[in-house]
Amino acid sequence: MSPADTNAADTNAADTNAADTNRADTNAADMKAASMRTVMAVPSVVRGRAGRLLVPLAVVVVLAALPLVLGAYPITLASRVLAFALLVVSVDILTGVTGLPTLGQVAYFGAGAYTAALVGIHWTSNAAVQLLAGVLVATALALATGAIVVRTKGIVFLMVTLAVGELTHQVAASWTAVGGTNGLAGIPPISVLPGGPALTLSGFVYWWVLAVFVVVFLLVARAMRAPFGRTLRGIRDNEPRLRALGQRTYSAKLAAYGLAGAVAGAAGTLWTAQARFVSPTDLGFDVAAFALLSVVIGGAGSLWGPCLGAALVILVRDEVSDYVDGRGPLLLGIVFVAGVYLLPRVRAVLGRLRAREKGFP
Amino acid sequence: MQYAVTVLNGLALGAILFLIAVGLSLVFGIMDVLNLAHGAVYLVGAYVAVALIEGHASVAGFVAAVLVAALVGGLAGAALAGMSIPVRGHLDQALLTLGTALIITELISEFFGNEVRSVAPPPGLDASVGLFGQAYPAYRLALVVVGVVVAVGLHLLLERTRIGATLRATVADRQMVEAMGIRTRRLVISVFAAGAALAAVGGVLAGPVLGAQPGLDDTVLLLALVVVVIGGLGSVRGALLGAVLVGQVQALGVALLPDQASFLLFAAMAAVLLLRPAGLLPARGPAHA
């Protein structure tokens, strides 16, 4: 069988059981088990597909309705959570799906945020233009740095990306044209329609952030289900084998790095849109660490799990913090440590429940 | 001779960095754990110094601070080792050690506040000595001496003793050492404890130069990571070379381009990693070949 045949067969298998499994992460062994289940329990395919559409739809409807019931402060917080969650998705593309642990996505997040801020101050308040400019700059930066970075892997990849993140942080902090350590303030509120009114109400800004989040999330989810995403998972599980099958793993990794950079750039423009202020702190080491930890705690490889992790991290750090006398980081530390010991058990229980539901003890 | 002073500053910083980085490097080599709580352990040492000798400098007090820091650091390291042993996978270990670091640093800032604290060098070393026609702080020269003593001591321990041989063998091939009937668990815990004790002592010794404040743990952790990555994870010689290089780059950078000092540092690290991904002097053995 030629490599191309193998790939095509793989893709068919993915289509067959895509309806059955609503997790974005599935390694080769899972795939095999899932396709067996599909064959043996036909009715569950129908139920599975309905559930697969219903749950995300319900989540989006609830998220979209939030400004109708919540005040200005919680809505700003929700915008912040969504922007950070998109950064976490970009980390997950590399760390969870491709198996390259990264601390460098803050660089592209920062590129997007600063670009949006500069466009907003000097050119136009149109959010779509800011988004496009931010994504372009972040992608270009990601491809330029990624060409070198993706030659490494494992701990070395982690350290090189840390260097990329810290270097960008240094540039932002020392370059006076972007405000140095003071950052950029006085960014005008965004507008969505060309020549339309400025969105000063946090609810409208939130809807823009939510819309971009949903669109980008769906695009990423689609890409991760496509053969491209399967190649990335193959790199994570066994890169030499993939190379032996004739896949160009370098270009796949570079493409993943570029995609992750674009997503992080989009997240950066959303961050600027809701905060209307950027500073080097927004791309510091702790943001990078929190983004990576959100992926780990939410379940590396799945796309929605890390988003929940991101929400947990931001809520504990920024919101619960006020109730425990500003000791949010302490609580977050406890959550992380507890997570290390509890999560494997939770995953085991969930796995057993899922197996029982499918009729496999 | 402005340049000679810069070189000396770099050596003093390098000595401190070596104390901190060597534990990080050995722990990674021996149990494959990247201990991201290492900076927090350093900060514990720095605050031990603040608690014991801030405001009343005496030689006895300084020695007591070093001993207490070594004890507290060692206990913290042993506890961290016990916590990390059952955790598999680099990502879960990162979650565990960064979480622990957050807890430790938050507790420290709860007890000591967020101001910058400083400790004075012990009497006798607080003066300046004439060097190249300039006054140079004697304490920094003492730091260089301490660094050399620790490096030589560690070298002898690793190359000339039975414990050292076992440790080197464990870094190279842990399963094989276990198959020969040596209990590596105890060794692993003591290396973790010793590395943490050195980091905490580093916190005390660096007190008169770097002071103590929240956030210093991140700075020190990043510098130590750069040191071990440049030098090669798991290797003592690598940590020494990395510490000297990073000390020089940092001191030169601060002297010549104050704004771009850490830019220079991370650029140097990126360059080393791209040319030699395993570091300049990687640990010997099949696991790291």
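Relevant structure appears above.
Our subject in this report is the structure included herewith. (Residues numbered from 1 in each chain as written. Chains lettered and ligands numbered in written order. Predicted model: local features only at pLDDT ≥ 70, side-chain atom pairs only at ≥ 80, totals over all residues.)

1. A closer look at the overall build of chain A
Across its full length, chain A carries 13 helices and zero strands. Mapped from its N terminus to its C terminus, chain A presents α and β elements in the order α-α-α-α-α-α-α-α-α-α-α-α-α. Of all 361 residues assigned to chain A, the portion counted as buried reaches 46%. Taking the intrachain contacts of chain A between residues at least 6 apart in sequence as the baseline, contacts between residues at least 24 apart amount to 74%. (Helix = DSSP H or I, 4+ residues; strand = E, 2+ residues; numbered from the N terminus. Buried ≥ 20, exposed ≤ 12 C-beta atoms within 10 Å, placed from the backbone. Contact = placed C-beta atoms within 7 Å.)

2. Quick word on helix H9 (residues 216–231) of chain B
Residues and elements named next belong to chain B. Under the 1.5 Å per step criterion, the end-to-end length of H9 is 22 Å for 16 residues, consistent within 8% with the ideal 22 Å. Within H9, 13 of the 16 residues are buried, which leaves it mostly tucked inside the rest of the structure. Looking one or two residues past H9, Gly232 carries a phi angle of roughly 115°, positive in sign. (Expected span 1.5 Å × (residues − 1).)

3. Some thoughts on the pairing of strand S1 (residues 128–131) of chain B
Where S1(B) lies against strand S2 (residues 134–137) of chain B, four bridges are found, and the strand directions are antiparallel. Its bridge partner lying in S2(B), B:Leu131 is registered against B:Gln134. (Pairing = 2+ DSSP bridges.)

4. Comments concerning helix H5 (residues 138–160) of chain B
Taking 1.5 Å of rise per residue, 23 residues should cover 33 Å, and H5(B) covers 32 Å from first to last C-alpha, within 8% of that figure. For H5(B), the full list of buried residues reads B:Arg140, B:Leu143, B:Gly147, B:Ala151 and B:Leu154.

5. Examining the interface of chain A and chain B
If you look at the interface, chain A gives 29 residues, while chain B gives 30 residues. Residue assignment for the side of chain A that touches chain B shows that the elements contributing at least two residues are helix H7 (154–174), helix H11 (285–298) and helix H13 (328–357) of chain A. For the side of chain A that touches chain B, a count of residues per class yields 22 nonpolar, five polar and two charged. (Nonpolar A, V, L, I, M, F, W, Y, C, P; charged D, E, K, R; others polar.)

6. What to know about the packing of helix H4 (residues 72–97) of chain A against H11(A)
All names here are of chain A. Their axes nearest at 9 Å, the elements H4 and H11 cross at an angle of 65°. Between H4 and H11, the angle falls in the class roughly perpendicular. Judged by the twist between their axes, the crossing of H4 over H11 is right-handed. Note on element contacts: H11 touches H4 through Ala291, Leu292, Ser294 and Val295, opposite Leu87, Val88, Val91, Asp92, Thr95 and Gly96. Its residues assigned to classes, the contact of H4 with H11 shows six nonpolar, three polar and one charged. (Axes fitted to C-alpha atoms, helices over the stretch in contact; angles between N-to-C directions. Parallel < 35°, antiparallel > 145°, perpendicular 65-115°, else oblique. Left-handed = near helix turned anticlockwise from the far one by under 90°.)

7. Here's the deal with the packing of helix H3 (residues 59–84) of chain B against helix H8 (residues 184–210) of chain B
All names here are of chain B. Viewed as axis vectors pointing N to C, H3 and H8 meet at an angle of 140°, and their least axial separation amounts to 6 Å. One element, H3, and the other, H8, form an angle in the oblique class. The way H3 lies across H8 gives a crossing that is right-handed. For the contact of H3 with H8, the class distribution of residues is 20 nonpolar, six polar and no charged.

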